[in-house]
Protein chains: 2
Amino acid sequence: MRIAELSRRTAVPVPTIKYYVREGLVPRGELTSRNQATYDDRHERRIRLVRALIDIGGLSVATTRDLLAQLDNPDASTDNLLGRTMLNLNPSRERVDDETRASAAAQVRALVDGRGWRVDTHDPTLDVLIDLVAALRALGEDDLLEILDTYAEAAEKIAAIDLAVVSRRENLESIIDGAVVGTVLGGSMLLALRRLAHIDASGRMFRRSSGDVSGL
Amino acid sequence: MRIAELSRRTAVPVPTIKYYVREGLVPRGELTSRNQATYDDRHERRIRLVRALIDIGGLSVATTRDLLAQLDNPDASTDNLLGRTMLNLNPSRERVDDETRASAAAQVRALVDGRGWRVDTHDPTLDVLIDLVAALRALGEDDLLEILDTYAEAAEKIAAIDLAVVSRRENLESIIDGAVVGTVLGGSMLLALRRLAHIDASGRMFRRSSGDVSGL
C-alpha cells in the first residue's frame with residue numbers, strides 16, 4: 001500500500017510516519033520508483049506499536065528505538081530492557097549505607113525464595129526491588145514494607161494470567177508483540193486500577209470514620 | 001541544626017540541598033544571622049521525600065514541585081495529581097474512533113461497577129484506564145483485556161493493605177507522607193514484583209515445554 005493508505009489505516013499523519021521512519025522506529029518501505037515506496041501489514045502493525053509505546057506508554061523516542069531494536073534481535077537482555085523501561089527508574093542509586101542495603105537484599109531474597117520464584121541472583125529487576133526496599137528503610141518508612149507479601153502474591157496471580165493470555169496466541173511474532181504491549185500498557189492499567197481501588201478504599205474509610213455508614 | 005548537619009543526616013550534599021531550596025522543593029531555613037540559617041526535622045524529612053521522588057520515583061523537579069505544593073495545600077485535586085504523576089502518561093490521547101472509545105468506557109464502567117468501587121464518573125484515572133483499554137482495542141490486542149478482572153481483584157487487595165498500613169500511623173502528616181511514598185515507590189515495587197513473577201512464570205513454561213520438568 002501507499003503511505004497515504006498506511007496513514008488512513010493507522011490514523012497517524014503521513015509526516016509522523018515519515019518521522020518514525022527517519023528515527024528508525026519503523027522500517028523503510030520498498031521503493032517502487034524514485035519517489036514512491038510501498039508498505040505492508042508489518043509496517044501497519046509496527047506503527048500501531050510505536051504509537052502505543054510513545055503516546056500511551058509515555059516512552060521516549062530513544063527508549064522506544066532501543067526496545068524495538070531488541071525486539072527485532074531478541075537476546076537475553078531483552079527481558080531486562082523491558083524491565084528497566086517499565087520501571088522508569090533513575091539508574092542512580094539512593095545513597096544508602098551498606099548495612100541497610102544488605103538487610104534489604106536479605107528481605108527481598110527471603111520474599112523471592114519464600115514464593116519459590118526462580119530468578120537469577122544477578123537479575124537487574126532484583127536490584128531495582130532491593131534499591132526500593134533500601135530506600136524505604138533509609139526513609140524510615142519501614143512499616144510500608146508490610147505490604148510486600150500481599151504485593152508479591154498479587155504479582156504472582158497477575159503474571160499467571162498474563163502468561164496464560166499471551167501464550168494462547170498462535171505465532172511467536174504476535175506472542176512477542178503481546179508481551180511488550182502487555183508489559184507496558186498492562187503495567188499502566190495495573191497502576192490505574194490500583195489508584196481507583198485506593199479512591200474507593202479511602203472513600204469507605206472516610207465515610208465510616210465520619211459516621212456516615214448509610215451506603216456501606 | 002546547620003546545613004552541614006542536615007547534609008550529614010540526609011547524606012545529601014550541601015550544594016544539592018541549596019539547589020532544592022532554590023527550586024522550591026524544600027522550605028528555606030530560618031535566618032539566624034546574615035549568612036546563617038537553621039533547619040529542623042521538617043527540613044530533614046522533606047529532603048528525604050524529595051530524594052525518594054526524584055532519585056527512585058524518577059519524577060522531574062517540576063513534577064516533584066507540583067506534587068509537594070499540593071501536599072502542602074491539599075485539596076480535591078491532590079488525589080488526581082498523584083494519579084497522573086504515577087501513571088506517567090502522555091496526556092495526548094491515542095486517536096481512536098468514537099465507537100471504540102465508547103465501548104472501552106462501557107467495559108471499564110462495568111468492571112468498576114461489578115466490583116462495587118465508588119469512583120466519580122469524571123475521575124481522570126478512569127479516563128486514563130479507558131484510554132488504555134481503547135488503545136489495546138485499536139491495536140487489535142483485545143485478547144489481552146482478559147486480564148482486567150484478575151488485575152482489578154489484585155488491585156483491590158493491594159489497596160486494602162496499603163490503606164491498612166498507612167492508616168495505622170499516628171499523625172496526619174506522616175499518613176500523607178506515607179501515602180505519597182507508598183503510591184510512587186509502592187507502584188514501582190509492584191511493577192518490579194510483576195517482572196520477577198513474569199520471569200519465574202515464563203521460566204516454568206519454557207522448562208515444561210522443553211521437557212525438563214526435573215525441578216517442578
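A brief look at the structure comes next. (Residues numbered from 1 in each chain as written. Chains lettered and ligands numbered in written order. Predicted model: local features only at pLDDT ≥ 70, side-chain atom pairs only at ≥ 80, totals over all residues. Heavy atoms only, no water.)

From N to C terminus, chain A includes nine helices and two strands. A buried classification covers 48% of the 216 residues belonging to chain A. The long-range fraction of contacts in chain A, counting pairs at least 24 apart against all pairs at least 6 apart in sequence, stands at 56%. Taken as a whole, chain A presents about 10,400 Å² of accessible surface, with 50% of it coming from carbon and sulfur. (Helix = DSSP H or I, 4+ residues; strand = E, 2+ residues; numbered from the N terminus. Buried < 20%, exposed > 50% of the residue type's maximum accessible area, 1.4 Å probe, protein only. Contact = heavy atoms within 4.5 Å. Areas by Shrake-Rupley, 256 points an atom, 1.4 Å probe, with all protein chains shown as cover.)

The next subject is the pattern of salt bridges. A full pass over the atoms with the stated rule returns 36 salt bridges over all chains. Residue A:Glu146 is joined to B:Arg168 by a salt bridge in which the shortest nitrogen-to-oxygen separation is 2.7 Å. Of this pair, A:Glu146 sits in the loop between α7 (124-138) and α8 (148-167) while B:Arg168 sits in the loop between α8 (148-167) and α9 (172-209), each in a different chain. Residue classification places B:Arg168 among the exposed positions, given a relative accessible area of 52%. (Salt bridge = Lys/Arg side-chain N within 4 Å of Asp/Glu carboxyl O.)

Another aspect to go through is helix α2 (residues 14-22) of chain A. Residues and elements named next belong to chain A. Buried residues of α2: Ile17, Tyr20 and Val21, and no others. The buried residues of α2 occupy an angular sector of 100° when projected down its axis, which confines them to one face. Turned more than 90 degrees away from the buried face of α2, the exposed residues are Pro15 and Arg22. (Arc of directions from axis to C-beta.)

Moving on: helix α7 (residues 124-138) of chain B. All names here are of chain B. Its 15 residues place the ends of α7 21 Å apart at the C-alpha level, agreeing with the 21 Å of an ideal helix rising 1.5 Å per residue. Along α7, the residues that are buried comprise Thr125, Leu126, Val128, Leu129, Ile130, Asp131, Leu132, Val133, Ala134, Ala135 and Leu136. Capping of α7 at its N-terminal end is provided by Asp123; its side-chain oxygen lies 2.8 Å from the backbone amide nitrogen of Thr125. Backbone geometry just after α7 places Gly140 at a positive phi near 75°. (Expected span 1.5 Å × (residues − 1). Polar contact = N/O pair within 3.5 Å; in protein donor to acceptor, adjacent residues only side chain to side chain.)

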